[in-house]
Amino acid sequence: MARPKKTDQPDTAKAVELTTGAIERLTCRTDIKAQAFLRDTKAPGLRVRVTNTGTKSFVFEAKLNRQTIRRTIGDVRAWSIEEARKEANRLRVVLDKGTDPREIERQKAAAEAAEWAAEAAQAVTVGDVWPRYLAEGKPKRKDAWKPRYRADLQAMAAPGGEPKKRGTGTTRPGPLFPLLAMPLASVNEDSLKVWFDREAVAGRHQAARALMMFRGFLRWCSARPEYRKLTDRDAGRAETILEGLPQEKKRTDALESAQVPGWWAGVEQLSNRTASAYLRALLLTGARREELAALKWANVDFRWRKLTLADKVDATRTIPLTPYLAQLLATLPRVNEFVFASAGKVGRIADVRASHSKALTEAGINHLTIHGLRRSFSLLGEAAGAPAGAIAQVMGHKPSATAEGYRPRSIDALRPFLEQIEGHILTLAGVQFVADAEHGKLALVAG
């Protein structure tokens, strides 16, 4: 039988000693199949694969547990024949030990991917996560942030540099802003201590409040699988940090009975009529400042004499609308949906501290916070003889079984007690009015 010529197409049905010439002459008929293989005699398992497009590569092929294992070694233009034989022999040894080379490659790729993911995770900064916290975070048992608290979170992490709303110059960065550039994984007791000490120089109470907010952020991160391993949840509770916090002083400011006439007169004389009505309404209801500021006309029921307020504990709470307060609210202009409307961008009253300060100066009262009016309602309610449970329900305090034994009352059951408190406050203020006067027309008589 004549030997094949060197210029002939290699017979793929037989194993041959691979040479450069044989590989060059190897082709695949496009009308028969998509690829063809030429086996090597010197390295069992080594083949040259040629596709019907002319692409050629070295491959390793063998059987493991009666299953054909095939793995591409590389392009024939990049690998020499001897290099391909060495790689084929290496894979043969791996296979003889009962190991699938493809599984080794998968494990290697998985390890590299895990290492890359770990490195990427280590690079995640607080600033990368903070926007998601603002969007998805929320207090316990609540659906979302209160608008005011969310605004405070944003202000605490603001970069500054904005023109001041009051005075000249630009705003300074918020206390949390320096933390945004830190990798989340590097936030620990030591790094937080350095940050807190630096911020405390500008203001210890502001730094302490920022720390409380950031602790909430760390708790949120520790509850997320993707951030859990990067987060030191207890970093903000380290003893070295806690010992530097300013001592909390419980505020007890409230109006004394003898101060009510002067305060009331000072508030009545304010040129800002909306602020004047708002401050008096705070004292007459014991509501939190934001609850009352957000009150809408849709939630004022003059017919059935009820007010529905946004509540800190529950979604809303409804309280009786007392006679004097009903007439006071009816005198306010209906500028927009808010009862205590404002020309500002939020459309409602926001900050009445300046107006309140004027009234306090007029009354000769040294100090009384806006929240102090809430405490004043509670104390004056007790002096009026109203039950503690009724006062707590009107104020929206969390139910308690102390004192008289708290039990929710209906609006009609609350009404006489709230009217009793209102009457007591008006008597102290020296104000008389006709309870059945037409809404919108206050009938006042100075006492």
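For the structure itself, consult the block above.
What counts and what doesn't
Residues numbered from 1 in each chain as written. Predicted model: local features only at pLDDT ≥ 70, side-chain atom pairs only at ≥ 80, totals over all residues. Heavy atoms only, no water. Helix = DSSP H or I, 4+ residues; strand = E, 2+ residues; numbered from the N terminus. Polar contact = N/O pair within 3.5 Å; in protein donor to acceptor, adjacent residues only side chain to side chain. Contact = heavy atoms within 4.5 Å. Core = buried A, V, L, I, M, F, W, Y, C linked by side-chain atoms within 4.5 Å. Buried < 20%, exposed > 50% of the residue type's maximum accessible area, 1.4 Å probe, protein only. Pairing = 2+ DSSP bridges. Axes fitted to C-alpha atoms, helices over the stretch in contact; angles between N-to-C directions. Patch = residues over 30% accessible without salt bridge, like charges linked within 9 Å, V, L, I, M, F, W, Y side chains within 5 Å. Areas by Shrake-Rupley, 256 points an atom, 1.4 Å probe, with all protein chains shown as cover. Salt bridge = Lys/Arg side-chain N within 4 Å of Asp/Glu carboxyl O. Lys, Arg positive; Asp, Glu negative; His and termini not counted. Charge placed at Lys NZ, Arg CZ, Asp CG, Glu CD. Phe/Tyr/Trp six-rings, centres within 6.5 Å; stacked < 30°, edge-to-face > 60°.

Caption draft 1: Layout of the side chain of Asp253. If you trace the backbone, Asp253 turns up in the loop between helix H9 (239-242) and helix H10 (260-268). For Asp253, the side chain forms a polar contact with the side chain of Thr369, separated by 2.6 Å. In this structure the side chain of Asp253 is engaged in a polar contact, spanning 2.5 Å, whose partner is the side chain of Arg375. Those residues in contact with Asp253, other than ones at most four positions away along the chain, are His367, Leu368, Thr369, Gly372 and Arg375.

Caption draft 2: How the structure looks around the nonpolar core. Counting residues in each nonpolar core, the largest one holds 56 residues, and the members touching the most others are Trp263, Trp264, Leu279, Leu292, Leu329 and Phe340. Those residues in contact with Leu279 that lie beyond four places of it in its chain are Trp263, Val267, Leu270, Val352, His356, Ile370 and Leu373. Of all hydrophobic cores here, the second largest spans 34 residues; its members include Val124, Val126, Ala238 and Ile241.

Caption draft 3: Fine view of the sheet that holds strand E5 (residues 300-301). Read across the open sheet, the three strands follow the order E5-E6-E7; overall the sheet is antiparallel. For this open sheet the edge positions go to E5 and strand E7 (316-320), each flanked by a neighbour on one side alone. Contacting strand E6 (306-310) and E7, helix H17 (residues 411-429) crosses the sheet at an angle of about 55° to E7.

Caption draft 4: Representation of a positive patch on the surface in the model. Residues Lys140, Arg219, Arg233 and Arg237 make up a contiguous surface patch of positive charge. Tracing the sequence through the fold places Lys140 in the loop between helix H4 (126-136) and helix H5 (147-156).

Caption draft 5: Representation of the packing of aromatic side chains within the structure. Under the counting rule described, the total for this entry stands at 10 aromatic pairs. Grouping aromatic residues by their ring pairs yields a cluster made of Trp130, Tyr133, Phe214, Phe217, Trp220 and Tyr227.

Caption draft 6: Seen up close, the pairing of strand E1 (residues 35-39). As paired strands, E1 and strand E2 (residues 46-51) are joined by five bridges and run antiparallel to one another. Opposite Phe37, over in E2, you have Arg49 as the bridge partner.

Caption draft 7: Inspection of the sheet that holds E1 at higher detail. Taken in spatial order, the four strands of this open sheet run E1-E2-E3-E4, and their pairing is antiparallel. This sheet does not close on itself; its edge strands, each paired only once, are E1 and strand E4 (67-75). Taken over all neighbouring pairs, the strand axes of this sheet differ in orientation by 35° on average, direction set aside. The strands touched by helix H2 (residues 81-96) within the sheet are E2, strand E3 (56-64) and E4, with E3 carrying the most contacts at an inclination of about 20°.

Caption draft 8: Structural context of a negative patch on the surface. A cluster of acidic side chains, namely Glu189, Asp190, Asp232 and Asp234, defines a negative patch on the protein surface. Structurally, the position occupied by Asp232 is in the loop between helix H8 (225-228) and H9.

Caption draft 9: Spotlight on the pairing of E3. Of all nine residues making up E3, eight are buried, and the element is well covered by its neighbours. As judged from the five bridges shared by E2 and E3, these two strands associate in the antiparallel manner. Note on E3: the bridge partner recorded for Arg47 is Val59. Across eight bridges, the pairing between E3 and E4 is antiparallel. Across the sheet, Glu61 pairs through a bridge with Arg70, a residue of E4. Where E3 folds back on E4, the antiparallel hairpin that results is connected by two residues, among which Asn65 adopts a positive phi of roughly 55°.

Caption draft 10: A look at the pattern of salt bridges. Summed over the entire model, instances satisfying the criterion amount to 21 salt bridges. Taking the shortest distance from any N to any O, the salt bridge between Glu87 and Arg90 comes out at 2.8 Å. Of this pair, Glu87 and Arg90 both sit in helix H2, separated by three residues, roughly a single helical turn. A relative accessible area of 15% places Glu87 in the buried class. For Arg280, the salt bridge identified is with Glu268, shortest N-O distance 3.6 Å. In this pair, Arg280 is assigned in helix H11 (residues 273-285) and Glu268 in helix H10, connecting sequence segments 12 residues apart. Here Glu268 falls in the partly exposed class, since its relative accessible area comes to 28%.

Distances and angles like these do not, on their own, reveal function.
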